Amino acid sequence: MIMAAMFFVGCGFTMNVAMAQQNGISRTDLVQEAISIKGHEAVQVRVDFEPGAVSIKHSHPGEEVAYVLEGSLEYTLEGRQPITLEAGEALFIPSGVAHLAKNVGGTKASELATYIVETGKTLVEPAK
């Protein structure tokens, strides 16, 4: 664990994330690597939600695939009806689409979020 933390620090593994340690929500940064598409990178994080926790309404400078690892999460994407996903289900969120996620279950919920985003941009932009 310490070696992994030292590796990420040594590689400059930082993300300016507005909801990084939001009340009832925690993020664990897993991967941040350049990809074959010039000016883009893959980023993967685990997001844990306490019961009732709701993310801020936000968007990303690229696509996101949210995969629910445990619990029940309700996603609200701008212009769409809310959708509830259970463990083992996934959702595609297009680039720039404002959205939020809420734990609608009685226990902790977690997602694996995978992003293909523009390099150097802030990963999470609060919606206006």
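Residues numbered from 1 in each chain as written. Predicted model: local features only at pLDDT ≥ 70, side-chain atom pairs only at ≥ 80, totals over all residues. Heavy atoms only, no water.

**Some words on the sheet that holds strand β7 (residues 90-93)**
Here is step 1 of the chain: One open sheet holds the 5 strands; their spatial order is β1-β2-β9-β4-β7, and the pairing between them is antiparallel. The two strands at the open ends of the sheet, each matched to only one other strand, are β1 (25-34) and β7. Going across the sheet, the axis of each strand differs from the next one's by a mean of 15 degrees, ignoring polarity.
Here is step 2 of the chain: Here strand β4 (residues 62-70) pairs with strand β9 (residues 109-118) via 8 bridges, running antiparallel. Opposite Val-68, over in β9, you have Glu-111 as the bridge partner. (Pairing = 2+ DSSP bridges. Helix = DSSP H or I, 4+ residues; strand = E, 2+ residues; numbered from the N terminus. Axes fitted to C-alpha atoms, helices over the stretch in contact; angles between N-to-C directions.)

**Describing the pairing of β9**
Here is step 1 of the chain: When strand β2 (residues 40-49) meets β9, the two strands line up antiparallel, connected through 10 bridges. Its bridge partner being in β9, Asp-48 is matched across the sheet by Ser-110.

**Re the confidence of the model for the protein chain**
Interpretation of this model should avoid reading the predicted coordinates in detail wherever pLDDT is low.
Here is step 1 of the chain: Overall, the predicted model of the protein chain reaches an average pLDDT of 87, with 83% of residues at or above 70.
Here is step 2 of the chain: Counting contacts from residues 1-20, a segment whose pLDDT is below 50, to residues more than four positions away or on other chains yields 32 contacts. (pLDDT = per-residue confidence, 0-100. Contact = heavy atoms within 4.5 Å.)

**Observations concerning the pairing of strand β5 (residues 72-77)**
Here is step 1 of the chain: Pairing of β5 with strand β6 (residues 83-86), which is carried by 4 bridges, proceeds in the antiparallel orientation. Bridged to Leu-73 within β6 is Leu-85.
Here is step 2 of the chain: Counted along the chain from β5 to the antiparallel partner β6, the turn is 5 residues long, and its residue Gly-79 has a positive phi close to 85 degrees.
Here is step 3 of the chain: Bridge analysis of β5 against strand β8 (residues 99-103) gives 5 bridges, and the strand direction is antiparallel. For Tyr-75, the partnering residue across the bridge sits in β8 and is Ala-101.

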